[in-house]
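What follows is the residue order along each chain.
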Amino acid sequence: MNYQDYLELKTNCEKKLKWFNYSIDLITLFSLIQTALLVLKININFVYINMIILDKLYSLGYSQYIEGNSVFSFAFYAAYGIIVCLFLYSSYFSRKQRRRAYYGVILMYVIDSVLCIATFSFIQLGVHVLLLVFIVLALRNRNYLRVLKNNVWGYK
């Protein structure tokens, strides 16, 4: 492989990585929209972009709060906040090409995809699978880019 081929491969991987990383930003945007709608109690239903696990955690936290159980209410709201913070973390660090930024989003979306199958939400499952494929492709291009930088020309 000559240097021109190397530059072409590297540029191609960087472009693909940039475009596929937008899926993580889109997931973060979806979770923030869902959070705003739930917190402000706005009754607009974006079923296909919502995450089932976030809906359930918020609903469980709210029902425990209404029943007067503040400990479990705080626990459910904290779990909700951790998931949203995980998406924000992943969105930020995916731009810096940190590998662990992709794994948290993949894990949450796989869990939510299983919940989509369990609740027979197949259109929502299709959106989840599409975004999962984009995240996996971003991770793959990130790994290719690291291999190109490390193995071909011998610098890190």
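Since the model is a prediction, treat every value here as computed from it, not as a measurement.

Visitor: Sorry, what's going on with the overall build of the protein chain here?
Guide: Each helix and strand counted, the protein chain has 5 helices and 0 strands in total. Ordering the α and β elements of the protein chain from the N terminus gives α-α-α-α-α. Taken along the three principal axes of its C-alpha coordinates, the protein chain extends 70 × 30 × 25 Å. Buried residues in the protein chain amount to 36% of all 156 residues. For the protein chain, the exposed surface amounts to about 9,600 Å²; the carbon and sulfur share of it is 68%. Both charge centroids of the protein chain, one from 16 positive and one from 7 negative side chains, sit 9 Å from each other.

Visitor: Before we go on, may I ask you to explain helix α1 (residues 3–39) in this structure?
Guide: Over its 37 residues, α1 extends 54 Å from the first C-alpha to the last, a length consistent with the 54 Å expected when each residue adds 1.5 Å. Directly beyond the C-terminal end of α1, a positive phi value near 55 degrees is found at lysine 41.

Visitor: What should I look at first to understand a nonpolar patch on the surface in this one?
Guide: Among the surface-exposed residues, Leu26, Leu29, Ile33, Val39, Leu40, Ile42, Ile44 and Phe46 lie close enough to one another that they form a single nonpolar patch of about 690 Å² accessible area. With respect to the helices and strands, the residue isoleucine 42 is situated in the loop between α1 and α2 (52–67).

Visitor: What exactly am I supposed to notice about the nonpolar core here?
Guide: Within soluble globular proteins, side chains that are nonpolar generally end up buried alongside one another. Ranked by size, the top nonpolar core spans 29 residues in total, and within it Ile27, Met51, Ile83, Phe87, Tyr102, Tyr109 and Ile135 carry the most contacts. Counting only elements with at least two residues in this core, the list comes to α1, α2, α3 (70–95), α4 (100–118) and α5 (122–152). If sequence neighbours within four positions are ignored, phenylalanine 87 has contacts with Ile27, Thr28, Ser31, Met51, Val105, Met108 and Tyr109.

Visitor: How should I be thinking about the packing of aromatic side chains in this particular structure?
Guide: Following the criterion strictly, the structure yields 8 aromatic pairs and no others. The interplanar angle of 70 degrees and the centroid separation of 6.4 Å between the aromatic rings of phenylalanine 87 and tyrosine 109 together place this pair among those described as edge-to-face. Residue phenylalanine 87 is located in helix α3, and its partner tyrosine 109 is located in helix α4; the two are separated by 22 residues in the primary sequence. Comparing phenylalanine 87 with tyrosine 109, the two get one shared label, buried. Members of the aromatic cluster, each reached through a chain of ring pairs, are Tyr58, Tyr77 and Tyr80.

Visitor: Can you help me understand the pattern of salt bridges in this one?
Guide: A side chain of one charge can pair with a side chain of the opposite charge when the charged atoms of the two come close. The full count for this structure, using the stated rule, is 2 salt bridges. A salt bridge links lysine 10 to glutamate 14, with the nearest nitrogen and oxygen atoms 3.9 Å apart. One end of the pair, lysine 10, and the other, glutamate 14, are both in helix α1, 4 residues apart, so they sit about a helical turn from each other. Overall, the relative accessible area of 22% leaves lysine 10 in the partly exposed class.

Visitor: Just to check I follow, could you spell out α3 for this structure?
Guide: For an α-helix, 3.6 residues make a turn, and residues three or four places apart therefore share a direction. Given a rise of 1.5 Å per residue, 26 residues ought to cover 38 Å, and the 38 Å separating the end C-alpha atoms of α3 matches this to within 8%. Three or more residues of α3 are buried, namely Ser73, Tyr80, Ile83, Val84, Phe87, Ser90, Ser91 and Ser94. Elements in contact with the buried residues of α3: α1, α2 and α4. Following α3 by one or two positions, glutamine 97 has its phi on the positive side, about 60 degrees.

Visitor: Explain the side chain of serine 23 here, please?
Guide: Here serine 23 is to be found in helix α1. Those residues in contact with serine 23 that sit more than four places away from it in its chain are Leu131, Phe134 and Ile135.

Visitor: In this structure, what is going on with the packing of α3 against α4? I would like to understand it.
Guide: Packed helices, taken two at a time, are described by the angle between their axes plus the distance between the axes. Their axes nearest at 8 Å, the elements α3 and α4 cross at an angle of 140 degrees. By the angle class used here, α3 and α4 are oblique. In terms of crossing hand, the pair formed by α3 and α4 is left-handed. Side by side, α3 and α4 meet where Ile83, Leu86, Phe87, Tyr89, Ser90, Phe93 and Ser94 of the first sit next to Arg100, Ala101, Tyr102, Gly104, Val105, Met108 and Tyr109 of the second. In the contact of α3 with α4, the residues fall into 10 nonpolar, 3 polar and 1 charged.

About the thresholds
- Residues numbered from 1 in each chain as written.
- Predicted model: local features only at pLDDT ≥ 70, side-chain atom pairs only at ≥ 80, totals over all residues.
- Heavy atoms only, no water.
- Helix = DSSP H or I, 4+ residues; strand = E, 2+ residues; numbered from the N terminus.
- Buried < 20%, exposed > 50% of the residue type's maximum accessible area, 1.4 Å probe, protein only.
- Areas by Shrake-Rupley, 256 points an atom, 1.4 Å probe, with all protein chains shown as cover.
- Lys, Arg positive; Asp, Glu negative; His and termini not counted.
- Charge placed at Lys NZ, Arg CZ, Asp CG, Glu CD.
- Expected span 1.5 Å × (residues − 1).
- Patch = residues over 30% accessible without salt bridge, like charges linked within 9 Å, V, L, I, M, F, W, Y side chains within 5 Å.
- Salt bridge = Lys/Arg side-chain N within 4 Å of Asp/Glu carboxyl O.
- Core = buried A, V, L, I, M, F, W, Y, C linked by side-chain atoms within 4.5 Å.
- Contact = heavy atoms within 4.5 Å.
- Phe/Tyr/Trp six-rings, centres within 6.5 Å; stacked < 30°, edge-to-face > 60°.
- Axes fitted to C-alpha atoms, helices over the stretch in contact; angles between N-to-C directions.
- Parallel < 35°, antiparallel > 145°, perpendicular 65-115°, else oblique.
- Left-handed = near helix turned anticlockwise from the far one by under 90°.
- Nonpolar A, V, L, I, M, F, W, Y, C, P; charged D, E, K, R; others polar.

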